[in-house]
Each structure stands twice: as structure tokens, then as C-alpha cells.
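As a plain string of letters, each chain reads:
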Amino acid sequence: MSNAPAGAAKSSVREQARAARAAARKLALLSNETRNAVLLDVAKRTELNAARIQTANAEDCKAAEELVRSGKLSTAALARLRVSGKTILEMVERLNEVSRLDDPIGIRLATTELDEGLILYKESCPLGVVAVVFESRPDVVPQVAALAFKSGNAVLLKGGAEASRTNEVLVELWRDSLYHLGAVPVDAVTLLQSRGDVMELLQLKRDVDLIVPRGGREFVEYISANSKVPVLGHGEGICHVYVDRLADMDKAHAIVLDAKMQYPAACNSMETLLVHRDVAAEFLPVAATKLSAAGVELRGCERTRAITCDANVRAATDEDWATEYSDLILSIRVVDSLDQALEHIAEYGSLHTESIVTEDATAAQRFLNEVDAAGVYHNVSTRFADGYRYGLGSEVGISNSKLHARGPMGMEGLTTYKYKLVGNGHVVGTYARGERALHPRSLKS
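Cut-offs and rules
- Residue indices begin from 1 for each chain and proceed along its sequence in written order.
- Side-chain atom pairs in this predicted model are given and counted only at pLDDT of 80 or more, local residue features only at pLDDT of at least 70, and totals for whole chains, interfaces and linings cover all residues.
- In computing side-chain properties, one takes all heavy atoms of the structure into account and sets aside hydrogens as well as water.
- A pair of Phe, Tyr and Trp rings is counted when the ring centres sit within 6.5 Å of each other, with Trp represented by its six-membered ring. The angle between the planes then sorts it: under 30 degrees is stacked, over 60 is edge-to-face, the rest tilted.
- Numbering goes from the N terminus for both helices and strands, where a helix is a DSSP run of H or I of at least four residues and a strand is a run of E of at least two.
- The classification of residues rests on relative accessible area computed with a 1.4 Å probe and restricted to protein chains. Under 20% of the type maximum is buried, over 50% is exposed, and intermediate values are partly exposed.
- Patches here are clusters of residues that have more than 30% relative accessible area and form no salt bridge, with a 9 Å joining cutoff for like charges and a 5 Å cutoff for nonpolar side chains (Val, Leu, Ile, Met, Phe, Trp, Tyr).
- A 1.4 Å probe and the Shrake-Rupley method give the accessible areas. Residues count as covered only by the protein chains that appear here.
- Within this document, salt bridges are pairs made up of a side-chain nitrogen of Lys or Arg and a carboxyl oxygen of Asp or Glu, the two lying within 4 Å of each other.
- When DSSP finds at least two bridges between two strands, those strands are taken to pair.
- Here an axis means a line fitted to C-alpha atoms, over the contact stretch when the element is a helix, while the angle between two N-to-C directions is reported on a 0 to 180 degree scale.
- How far a helix is expected to stretch is found by multiplying one less than its residue total by 1.5 Å.
- Pairs of residues are marked as contacts when any of their non-hydrogen atoms sit within 4.5 Å.
- To sort the angles, those under 35 degrees are grouped as roughly parallel, those over 145 as roughly antiparallel, those from 65 to 115 as roughly perpendicular, and the leftovers as oblique.
- By definition, turning the near helix anticlockwise from the far helix through less than a right angle yields a left-handed crossing, and turning it clockwise yields a right-handed one.
- Residue classes follow a fixed rule: Ala, Val, Leu, Ile, Met, Phe, Trp, Tyr, Cys and Pro count as nonpolar, while Asp, Glu, Lys and Arg count as charged, and any other residue, Gly among them, counts as polar.

Engineer: In this structure, what is going on with the packing of aromatic side chains? I would like to understand it.
Structural biologist: Each aromatic ring pair is summarised here by two numbers: the centre-to-centre distance and the angle between the ring planes. Here the structure, examined in full by the defined rule, presents two aromatic pairs. Centre to centre, the rings of Phe149 and Trp174 are 5.9 Å apart; their planes meet at 55°, and the pair counts as tilted. Here Phe149, found in helix 6 (residues 140–150), pairs with Trp174, found in helix 7 (residues 164–181); they are 25 residues apart in sequence, far enough to count as distant. Residue Phe149 shares its accessibility class with Trp174, and that shared class is buried.

Below is the structure:
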């Protein structure tokens with residue numbers, strides 16, 4: 001058992017948020033070496049407690065299977081809930097990877113001399129207190145806590161009830177480490193317990209700096225609509241792969257299978273496949289056979305169904321083009337041109353991740369330039385839209401917003417900046433009276 005104070009010991013979410021704020025002030029002052037030491041200690045504890053984590057997760061999954069059978073939980077959510085030995089190794093590696101990243105705090109972004117002896121510095125600093133509300137995936141805990149801690153932020157975590165046992169063990173490992181190392185209060189990492197905690201959390205605009213919701217569209221929209229705290233998240237991951245008329249067929253088949261099959265429950269998996277009419281007859285029958293053999297339910301436009309001659313390809317509806325399945329379901333449309341593919345993505349895309357498969361450099365450049373999304377790819381699976389694969393160590397979430405952070409959100413998204421102005425008795429009146437003039441010039445940071 002842990003000797004660390006429990007995460008739910010405080011009487012209200014407000015008190016827990018204020019305790020997190022106090023911890024954040026101390027955390028921001030720690031050296032990079034000390035923060036890294038905590039990350040490495042948590043990584044070691046995670047590895048040593050693998051059996052304990054899996055036992056807790058097995059209990060969560062057993063209860064979740066009943067919810068799936070009763071229709072109260074999706075199969076995609078159950079898939080995200082499961083923690084394997086491989087998952088734990090990935091948790092450990094991501095903690096270690098974040099410890100190897102450069103310190104994001106105190107970076108001098110700009111230096112401007114406003115006048116002789118009057119210097120303005122722009123430096124990176126933590127946001128302060130970040131709350132992450134998420135569904136199903138327990139691996140969010142080490143990912144988010146690592147990035148928040150490394151960037152000097154305290155973090156409030158609220159996971160779904162379906163993962164409560166697993167989340168409790170993972171957060172306890174963090175609090176154990178903080179308690180025994182004594183570098184910063186354990187309140188730097190706190191697990192909120194009940195659904196009611198979320199509603200209280202959303203009102204704490206003076207105590208929490210940012211809320212990041214991770215879940216389905218309705219969940220994210222609900223958080224955004226009801227929060228007084230700034231919210232950063234993505235509502236949907238309707239990702240497309242467009243197979244162009246000059247696509248390499250081997251590349252196209254590999255990318256399409258990976259984008260759909262590598263992890264169908266992820267928000268960066270392909271939901272709609274667009275195929276140029278000139279290669280549809282060559283590409284689609286083979287692709288449909290491979291996807292069907294892998295257990296994917298196919299829903300196609302009329303031309304897709306005619307080309308595949310497959311009774312297993314259901315007729316796609318307008319609703320299919322606008323749906324994030326997060327499951328083994330794929331909608332397919334044959335398009336007449338790159339322009340039509342771009343129009344389809346503009347209408348149904350969710351600004352997440354889009355990919356073109358082509359050997360035509362001009363078509364690729366048009367796609368990269370014209371598609372409005374956080375990630376736009378050429379000859380690459382959409383599954384690469386991930387903070388770890390971007391070299392960020394991990395990710396707090398993926399944002400399809402255009403403000404503050406976009407795409408996989410790493411430590412940079414958890415920092416802001418402050419201006420530090422250093423002078424020698426300078427006062428505005430001197431300049432207002434015209435006795436002196438400001439002559440700003442940039443200096444090397």
C-alpha cells in the first residue's frame with residue numbers, strides 16, 4: 001500500500017485545484033534534472049508494478065464487457081481500455097522518452113532593446129494547472145502526467161468510471177514517487193473521482209488554466225459548451241486517405257490497410273477511403289478483398305459497389321461520410337478528380353489528419369497546400385498523427401483547433417510565455433513628454 005496521501009482526500013474539487021495550484025508554483029521552480037529524476041522514478045515504478053496494473057485492468061475490463069453486452073459501452077471503448085504487457089512497456093518508454101526531451105521552461109524566445117538600459121525579454125513558462133478529462137484509455141495517465149510534469153504544470157486527471165481501478169493504480173505510482181522523493185507536493189498529480197467532479201471542475205476559471213477533453217465528439221462538445229475554463233480538444237477524427245490516379249498500387253494498399261487496421265479505435269484511423277475513378281477498377285477489388293478478410297465492414301457509393309461486385313459492400317449514406325466509426329467500418333467513395341476529393345474532405349473532414357497517395361508531385365503539393373487539417377500527409381498512413389511518433393515524447397491530446405496548439409499536443413502546448421522588462425528607473429512619463437523616444441531593436445536571444 002502507498003504511504004502517500006490519497007488523491008481524493010480533499011473535500012472538494014476546488015480545494016484539490018487550489019492544492020494543485022500551490023504545487024504548480026513549486027514545480028515551476030524545480031530544475032530540469034529534478035523533474036527528470038521524478039519521471040525516471042515513475043517509469044521504474046511502472047515497470048515494477050506491471051502485474052498490479054494488469055490485475056486492476058483485468059477487473060475493469062471484466063466489468064466493461066458487461067457494459068458492452070448491455071449496449072452501455074462501445075467495443076471501441078473496450079479496446080481502448082485494455083492494458084497489455086506491451087502497453088505497460090510503452091508507458092515506461094514514453095516516460096523515459098519525455099525525460100530525454102529538452103527543458104521547455106525558461107526558453108528565451110526573444111530579446112528586444114526598447115531603449116538604452118531598457119530590455120524586454122520574452123520567455124516560455126508553464127500554464128499552471130491543466131485538467132484532462134478522458135474516456136477509457138488508462139495510458140492517458142502516464143502520457144499526460146509526464147508531459148505536464150516536465151513542463152512545470154500540475155495536472156488534474158478525470159478518467160471514465162470504466163477505467164477507475166487502473167487509473168487509481170497509475171496515479172498512485174506518481175504520488176508515491178512524489179511523496180518519497182519529496183521534490184514537490186503530491187498534489188502536482190491528482191485523480192478526480194466522480195462524474196460530479198467534472199461539473200465542478202468546469203466552473204473553476206480562477207483555479208484551472210486549461211481543460212483538455214479526450215473522447216468522442218458529443219463528450220468534447222459537452223465539455224466545451226459547459227466550461228468556464230478554456231478548453232482545447234478535438235471533436236472528431238474523420239480522417240481520409242485519397243488514392244490518386246497516379247498512385248503506386250503497392251504503397252496504396254499498404255497505407256490503406258495500416259490506416260484502417262493498425263488501431264481502428266484511434267482518432268487518427270482512416271474512416272473514409274477516396275479513390276480516383278481512373279484506378280478504381282484496379283485498386284478497389286483487391287483492397288475490398290483485403291479489408292473484408294480483415295473483418296472490416298465496407299460501405300460504398302454506387303460506383304464502389306458496382307466495381308467490387310461484392311454483396312458485402314453496403315450502400316453508403318450521407319451520414320456515413322460524416323461519421324467517425326472508431327471501429328472496423330469503412331466508407332468508400334469513387335471520385336472523378338483531385339478537385340472532387342478536395343471538395344469531399346472540405347465538406348466532411350474534421351480538420352484532423354488527411355493523406356494522399358500519389359506519385360504526382362503537383363497533385364501532392366496541391367493536396368498538402370489546399371487541405372485544411374492539423375496534419376496533411378503524402379504517401380503516409382494517417383496513423384502517424386501521434387505525439388510519440390512526432391518526436392514529442394507523448395501527447396496530451398490531439399487538437400483540431402487553430403488556436404494555441406494544433407495537431408498532436410506535446411509540451412509546447414502546455415507552455416505559454418511571459419514578458420520580463422528590465423530597466424533602470426525608466427518611467428513612461430519621460431517618453432510621453434517627448435524627452436526620449438523608444439527605438440526597439442531585436443537582440444540575439
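Now that the structure has been shown, the text picks up again.
Engineer: Teacher, can you tell me more about a nonpolar patch on the surface here?
Structural biologist: Taken together, the side chains of Ile107, Leu109, Tyr417 and Tyr419 present a nonpolar region at the surface, about 400 Å² in accessible area. With respect to the secondary-structure elements, Ile107 resides in the loop between helix 5 (85–100) and strand 1 (108–115). Note on Ile107: relative accessible area 39%, which makes it partly exposed.

Engineer: Would you mind showing me how to read the sheet that holds strand 17 (residues 441–443) here?
Structural biologist: Pairing between sheet strands relies on hydrogen bonds along the backbone, with the strands arranged either parallel or antiparallel. Taken in spatial order, the four strands line up as 16-2-1-17 in an open sheet, and their pairing is antiparallel. The open sheet has two edge strands with one neighbour each: strand 16 (415–422) and strand 17. Put simply, the sheet's adjacent strands are angled 30° from each other on average, direction ignored.

Engineer: What is the right way to look at helix 5 in this model?
Structural biologist: An ideal rise of 1.5 Å per residue puts 22 Å on 16 residues; helix 5 measures up with 23 Å between its terminal C-alpha atoms. Within helix 5, burial applies to Thr87, Ile88, Met91, Val92, Arg94, Leu95, Asn96, Val98 and Ser99. Packed against the buried residues of helix 5 are helix 2 (32–48), helix 3 (50–69), helix 6 and helix 7.

Engineer: Would you mind showing me how to read the packing of helix 10 (residues 249–261) against helix 11 (residues 277–293) here?
Structural biologist: When two helices pack together, their arrangement is given by the angle between their axes and by how far apart the axes lie. Here helix 10 crosses helix 11 at 40°, and the two axes come no closer than 11 Å. Relative to helix 11, the element helix 10 is oriented oblique. Between helix 10 and helix 11 the crossing geometry is right-handed. Judged by residue contacts, Met249, Ala252, His253, Val256, Leu257 and Lys260 of helix 10 engage Val279, Glu282, Phe283, Val286, Ala287, Lys290 and Leu291 from helix 11. For the contact of helix 10 with helix 11, a count of residues per class yields nine nonpolar, one polar and three charged.

Engineer: For this particular structure, what's the right way to read the pattern of salt bridges?
Structural biologist: As a working rule, side chains carrying opposite charge can pair if their charged atoms are close by. Under the definition given, this model contains 32 salt bridges. The partner of Arg441 in a salt bridge is Glu113, and the shortest N-O contact between them spans 2.6 Å. Within this pair, whereas Arg441 is found in strand 17, its partner Glu113 is found in strand 1, the two being separated by 328 residues in sequence. The exposure class of Arg441 is partly exposed, given its relative accessible area of 47%. Close ionic contact of Arg175 with Asp187 constitutes a salt bridge, the shortest N to O distance being 3.9 Å. Here Arg175, found in helix 7, pairs with Asp187, found in the loop between helix 7 and strand 5 (189–191); they are twelve residues apart in sequence, far enough to count as distant. What makes Arg175 buried here is its relative accessible area of 4%. On the basis of relative accessible area, Asp187 is assigned to the buried category, the value being 16%. Through salt bridges that share partners, Arg245, Arg277, Asp278, Arg303 and Asp336 make up one connected network.

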